[in-house]
Amino acid sequence: MMRYVILVFLGACSFGVLSTFVKLAYQSGFTVNQVVGSQTLLGMLTLWIIFIVVKIRKKGGAVSPASFKEILMLMAVGTTTGLTGVFYYAALQYVPASLAIILLFQFSWMGLLIESLLNRRWPGKEKLVALLILLAGTVLASGILEQGLGSFTLAGVALGLVAALMYTLFILFSGRTAPHIHPAKRSAIMLTGSFILISIIFPPTFLVDGSLWNGLIKFAVVLALLGAVIPPFLFALGVPHIGGSLATILSAAELPTAVLASSLVLREEVSVAKWIGVLIILAGIALPEWIASLRRKRQLKLQ
């Protein structure tokens, strides 16, 4: 059990350090279109190679075929993760990495709101309490009380919140779209859709302008592995054994990892109040799952 907990935790930490490497890429002179495009291309190629290896090892078995409609649906879902990267990495041009990840984490309440609207059912009391905790933690962690509104770039905040919305849509639809298809194949198809969209928004000029072999490649490889390859692989290994509730709580490790990495590597100032805000956000994410776990245990005792 502990082995699978560690795998999911490491997967979340892998996501968490992405923003730091993106900032380093910007400091090296690369642009958002170069960073997003190269990462997505290398991630897509890596996932297709992994799928081909899986298919060869399975000799075609245990790899369910995908219909043309399912491929289109998965590619459409993939565009949401592509847009998440576009808006998130764009936000990092205007706000610190520690604030960008906090803005991205607003997917926690956005998902709750959208799911409530789709189900036409108001969330329960514990989820509403968790939402209030999340909002309180966000206010503290953002530093708005210490620095005031004037210190924030509106464009950066807006881009970060749009990235959170795109990530929310990805979470809502990725698990419901063609779940019978092998995870490696699903991931490869989704990232293909993501790459097509990003190539339309940002033509892949990095393939011909020489930037790929002048320093961009090292960032592309790291970002592709940490963002597109390692986390899904670790989650696929660990989540089935520990359950979605614990996985959700462990996934929140992405937030403190990002804040810590930005503090240590980028030397961004993270005050005590901001750290308290981060802890409050983590508590807000964990609260509903913890209450649900307690209820399940009580029901088992009554049976």
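Residues numbered from 1 in each chain as written. Predicted model: local features only at pLDDT ≥ 70, side-chain atom pairs only at ≥ 80, totals over all residues. Heavy atoms only, no water.

1. Examining the overall build of the protein chain
If you tally the helices and strands in the protein chain, you get 14 helices and zero strands. When the helices and strands of the protein chain are listed from N to C terminus, the series reads α-α-α-α-α-α-α-α-α-α-α-α-α-α. A total accessible area of about 15,400 Å² is found for the protein chain, and carbon and sulfur atoms account for 70% of it. When the 22 positive and 9 negative side-chain charges of the protein chain are each reduced to one mean point, those points stand 13 Å apart. (Helix = DSSP H or I, 4+ residues; strand = E, 2+ residues; numbered from the N terminus. Areas by Shrake-Rupley, 256 points an atom, 1.4 Å probe, with all protein chains shown as cover. Lys, Arg positive; Asp, Glu negative; His and termini not counted. Charge placed at Lys NZ, Arg CZ, Asp CG, Glu CD.)

2. Examining helix α1 (residues 2-16)
When the terminal C-alpha atoms of α1 are compared, their 21 Å separation across 15 residues agrees well with the 21 Å that a helix rising 1.5 Å per residue should span. Along α1, the residues that are buried comprise V5, L7, V8, G11, A12, C13, S14 and G16. (Expected span 1.5 Å × (residues − 1). Buried < 20%, exposed > 50% of the residue type's maximum accessible area, 1.4 Å probe, protein only.)

3. Things to note about a nonpolar patch on the surface
On the surface, M2, I6, F9 and L10 cluster together into a nonpolar patch covering about 390 Å² of accessible area. Looking at the element boundaries, F9 is found in helix α1. (Patch = residues over 30% accessible without salt bridge, like charges linked within 9 Å, V, L, I, M, F, W, Y side chains within 5 Å. Salt bridge = Lys/Arg side-chain N within 4 Å of Asp/Glu carboxyl O.)

4. Things to note about the environment of Q39
Secondary-structure assignment places Q39 in helix α3 (residues 32-58). Since its relative accessible area comes to 10%, Q39 is described here as buried. Each residue touching Q39, except ones within four places of it in the same chain, is listed here: Y89, A220, L223, A224 and G227. (Contact = heavy atoms within 4.5 Å.)

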